[in-house]
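# Observations on the three-dimensional arrangement
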Amino acid sequence: MQRKILVLNDLHVGSSYGLMPPSFLDCSGNLHSQNVGQRYLWERFTALMQRLSPQKIDAIVLNGDLLDGGQPKSKGTPLTLHRLPDQREACIKVLEEVKNTFPSAKFFWISGTPYHELEDEVLQVAYKLIGTPQTVRRTLKLRVGKAVVQFHHETAFTSAVTKSGSLEREIINGWLAEAMNDWSAAHCEVRAHCHYFCYVGRKDRLAIVCPGWQLQTDYSTKSSPTKNIPDIGCIVLTVDDDLLDFGCCPVTFTPYLYKHPGPSIVDISGRGK
Ligand SMILES: [Fe+2]
Ligand SMILES: [Fe+2]
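Notes on the structure follow. (Residues numbered from 1 in each chain as written. Chains lettered and ligands numbered in written order. Predicted model: local features only at pLDDT ≥ 70, side-chain atom pairs only at ≥ 80, totals over all residues.)

### What about the packing of helix 2 (residues 84-101) against helix 3 (residues 119-130)?
Filter applied, for reference: Where helices are involved, their axes are fitted lines through C-alpha atoms of the stretch in contact, as for all axes, and angles between N-to-C directions lie from 0 to 180°. Comment: elements are numbered from the N terminus, with helices defined as DSSP H or I runs of at least four residues and strands as E runs of at least two. Throughout this description, any angle smaller than 35 degrees is read as roughly parallel, any larger than 145 degrees as roughly antiparallel, any in the 65 to 115 degree range as roughly perpendicular, and the remainder as oblique. The handedness criterion is simple: a crossing whose near helix is rotated anticlockwise from the far helix by less than a right angle is left-handed, and one whose near helix is rotated clockwise is right-handed. C-beta atoms are first placed from the backbone for all residues, and any pair lying within 7 Å is then listed as a contact.
Packing of helix 2 against helix 3 leaves a shortest axis separation of 9 Å and a crossing angle of 45 degrees. Between helix 2 and helix 3, the angle is such that the two are oblique. As helix 2 runs across helix 3, the sense of the crossing is right-handed. Together, Leu 84, Arg 88, Cys 91, Ile 92, Leu 95, Glu 96 and Lys 99 of helix 2 and Glu 121, Gln 124, Val 125, Lys 128 and Leu 129 of helix 3 make up the contact between the two elements.

Given below as structure tokens:
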């Protein structure tokens, strides 16, 4: 049995650095145009839907941080939409692109970092997009035949140059949960939150942290402009439980990545001639 799952996370709608639909009218009727970075992301996001559309996607997992929230620590300065109802409406417009591309896919919802979004905010977005009440989880286990994939938003972020350690720990923590607490196995651990793309495999296990849809923020460049450059894009998982019969991990994946734009160069070599 084979199923395909599209994973989208860290859209950060409302952030000046996150996804934003074009010509958005807020609840006061004010027009919001995309800034340069938002236009870059939007063009890649809509191109991604075109790239993905020939595939049959069975399920879409929205793995948290759909909204950027109120940004209280920064007094809202990194925001382009300051009101949560506006962020929710803009997010629905973004996700309509996904729903229109895959009208028969089943949507699953996971809430992100509470600083950015509360479960109730995601519930509102989910209800308005799908039209019926949806369940928002912190952790989601999806079964395809004998194979199980576990989704959760957070994992340990590291700004170190090696990033795979926390993912290997996720695999080992899963084995310990099975052995010590009799929890059911998960063959693949899917995470978000870190805004970088990394994966680790053992013979029958995979752990993966998926790229997101927010460009570098002031927060991410506070110690260096090049230390934490986010990975942009998404992952499509292929789950084939027949692979378990060969002792293999039943989950493989295809990354869909887009380059993060770099700073432009100001050329002064022509001065003083
Ligand atoms: Fe995030
Ligand atoms: Fe997060």
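### Here's the deal with unusual backbone geometry
For Gln 71, which is not a glycine, the phi torsion comes out positive at approximately 45 degrees. By the element assignment, Gln 71 lies in the loop between strand 4 (59-63) and helix 2. Even without a glycine there, the phi angle at Asp 182 is positive, about 60 degrees. For Asp 182, the position within the fold is in the loop between helix 4 (165-181) and strand 9 (188-191).

### Details of the nonpolar core
Where we set the bar: Joining buried Ala, Val, Leu, Ile, Met, Phe, Trp, Tyr and Cys residues through C-beta atoms within 7 Å gives a set, and that set is a nonpolar core. Think of it as a crowd count around each C-beta: if 20 or more other C-beta atoms lie within 10 Å the residue is buried, if 12 or fewer it is exposed, and in between it is partly exposed, with C-beta placed from the backbone throughout.
Val 7, Val 13, Cys 91 and Val 149 are the most contacted members of the largest nonpolar core, which has 60 residues in total. With residues near it in sequence (within four places) discarded, Cys 91 still touches Leu 11, Val 13, Leu 66, Leu 67 and Val 125.

### Structural notes on helix 4
As a reminder, the rule being used: Here, expected helix span is obtained from the residue count minus one, scaled by 1.5 Å. Starting at the helix axis, one direction is taken to each C-beta atom, and the arc is that of these directions.
The end-to-end C-alpha distance of helix 4, which contains 17 residues, comes to 23 Å, matching closely the 24 Å that a straight helix rising 1.5 Å per residue would cover. Three or more residues of helix 4 are buried, namely Leu 167, Glu 170, Ile 171 and Gly 174. Each buried residue of helix 4 lies within a common arc of 95 degrees when the element is viewed along its axis, so the set occupies one face. More than 90 degrees from the buried face of helix 4, the exposed residues found are Ile 172, Asn 173, Leu 176, Ala 179, Met 180 and Asn 181. In the core, the buried residues of helix 4 are packed alongside strand 9, strand 10 (198-202) and strand 11 (205-209).

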